[in-house]
Amino acid sequence: MTALRLVFFGSDAIALPLLERLAGEGSALAQVVAVFTQPDRPAGRGQKIEPNAIKCWALARNLPVFQPEKPDEVARTQLAALHADLGLVMAYGHLLRDDFLATPRLGMLNLHTSLLPKYRGASPIQTAIACGERETGVTLMRIIRKLDAGPIADVERVPILARDTAADIEAKLAAACGSLLARTLPKFSGATPTFTPQDEAQATYCRRLTKDDGALDFAAPAAVLAARINGLFPWPGCAVEISGQPIKLGLADFEPATAPSGPGKVLGTDAESLRLATGGGILRLLRLQRPGGKMLPAPEFLRGFPIAPGTVLTSRPMPELLERRTPNIQHPTPN
């Protein structure tokens, strides 16, 4: 089998395990011949102009790197000159025109980090966890001019465990991409691959997250609150005000037991958590962080920042993260 000539389009480090696999054991399936990625942007506290992780990976392997401000006709001509068999998109951050999509011999595919048609849009990893899902995955689909709605070539499923945060699941999904492509790419070198249309009736959409999404309403059930805390860590992060200071929450779980009345009331501690009353069950805060400090396990945090039983944490309305209507967007989003 002749290796496919593959051009990769991406800008986020989530794709690095996949690229490493393609450069190693997956090189018999596909040869990455060039990379398109976002222009260098300011990064870090100093806002110094830095290349992203994908560009650094490509330069270390002496691969051509293209960084158009937007994929215009000049970029399409550059792509055409590469004589690619296939384009692969993951977290690129640009919309691609139809003529761009048609340039590689076999077209272009997108890796989306959800089990489509659920969680189309910009924040599938965080939103799936925050909504209490017990499973997610990566979907390989053909790109069409509708948001994450292209026909599906294959999926790789990943379980979501009770204490998985968005950071944990992102790492699992990054690793899952390699297995998915190892199973799917051979179909593009031989017989025509099969694509399955998505069920539009099952489609849901997730938007870009903001800091406001980290609000917590302690009248909600403890299971809902724990899922929100874990799903939104590390970004945008959930926080509560205690003694006038914003305290970030990095991990939580819950007990279904009946809690005393008074949502948001501190009930005390156990061996690994700060326990709170909620609208249903007990919320256990496992990791906390004060301003200027590190994210710490609850017992260590509480030694330096004691919180008295009976303290009542203020609730704030929790914005909805998921919707069923189609946003006014075309083409896949960065995830």
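Since the structure is predicted, the reported quantities are computational estimates derived from the model, not experimental observations. (Residues numbered from 1 in each chain as written. Predicted model: local features only at pLDDT ≥ 70, side-chain atom pairs only at ≥ 80, totals over all residues. Heavy atoms only, no water.)

To continue, consider the sheet that holds strand S10 (residues 152-159). The strand order across the open sheet built from seven strands is S5-S2-S1-S6-S7-S9-S10, with neighbouring strands paired in mixed fashion. Unpaired on one side and paired on the other, strand S5 (65-66) and S10 mark the two borders of the sheet. Of the pairings in the sheet, the one linking strand S7 (residues 108-112) to strand S9 (residues 135-142) comprises four bridges and is antiparallel in character. Across the sheet, Leu109 pairs through a bridge with Arg142, a residue of S9. Against the sheet, helix H3 (residues 73-81) contacts strand S1 (4-10), strand S2 (30-36) and S5, and its axis sits at roughly 160° relative to S2. (Pairing = 2+ DSSP bridges. Helix = DSSP H or I, 4+ residues; strand = E, 2+ residues; numbered from the N terminus. Contact = heavy atoms within 4.5 Å. Axes fitted to C-alpha atoms, helices over the stretch in contact; angles between N-to-C directions.)

The subject of this paragraph is the pattern of salt bridges. Per the counting criterion, the structure on display carries 24 salt bridges. Arg97 is paired through a salt bridge with Glu73; the nearest N and O atoms lie 3.2 Å apart. Taken together, the positions of Arg97 in the loop between strand S6 (86-90) and helix H4 (98-101) and Glu73 in helix H3 put the pair 24 residues apart, joining distant regions of the chain. Its relative accessible area of 32% is what places Arg97 among the partly exposed residues. A residue is classified by how much of its surface remains accessible, and Glu73, at 38% relative accessible area, is partly exposed. (Salt bridge = Lys/Arg side-chain N within 4 Å of Asp/Glu carboxyl O. Buried < 20%, exposed > 50% of the residue type's maximum accessible area, 1.4 Å probe, protein only.)

A separate point is the sheet that holds strand S11 (residues 205-206). The strand order across the open sheet formed by three strands is S8-S11-S18, and the pairing between neighbours is mixed. Of all strands in the sheet, those bounded by a partner on one side alone are strand S8 (120-121) and strand S18 (322-323). Of the strand pairs in this sheet, S8 and S11 are connected by two bridges, and their pairing is parallel. Its bridge partner lying in S11, Gly121 is registered against Cys206.

Where helix H1 (residues 16-23) meets helix H2 (residues 53-60), the axes come as close as 11 Å, and the angle between the chain directions of the two elements is 15°. Between H1 and H2, the interaxial angle falls into the category roughly parallel. Remark: the crossing between H1 and H2 carries right-handed chirality. Within the contact between the two elements, H1 uses Leu16, Leu19, Glu20 and Ala23 and H2 uses Ala53, Ile54 and Trp57. Tallied by class, the residues present in the contact of H1 with H2 amount to six nonpolar, no polar and one charged. (Parallel < 35°, antiparallel > 145°, perpendicular 65-115°, else oblique. Left-handed = near helix turned anticlockwise from the far one by under 90°. Nonpolar A, V, L, I, M, F, W, Y, C, P; charged D, E, K, R; others polar.)

Quick look at the confidence of the model for the protein now. Close inspection of predicted coordinates is inappropriate for parts of the model with low pLDDT. Residues at a pLDDT of 70 or more form 96% of the protein, whose mean pLDDT is 93. This stretch, residues 328-335, has a pLDDT under 50; its non-local contacts, to residues over four places away or in other chains, come to 39 contacts. (pLDDT = per-residue confidence, 0-100.)

The next point concerns the pairing of strand S13 (residues 245-255). Looking at chain direction, strand S12 (residues 238-242) and S13 are connected through five bridges and run antiparallel. Within S13, the position partnered with Cys238 by the bridge is Leu249. As consecutive antiparallel partners, S12 and S13 are separated by two residues, and within that stretch Ser243 has a phi angle of approximately 55°, a positive value. In this structure, S13 lies alongside strand S16 (residues 282-289), joined through seven bridges in antiparallel fashion. Within S16, the residue paired with Glu255 across the bridge is Ile282.

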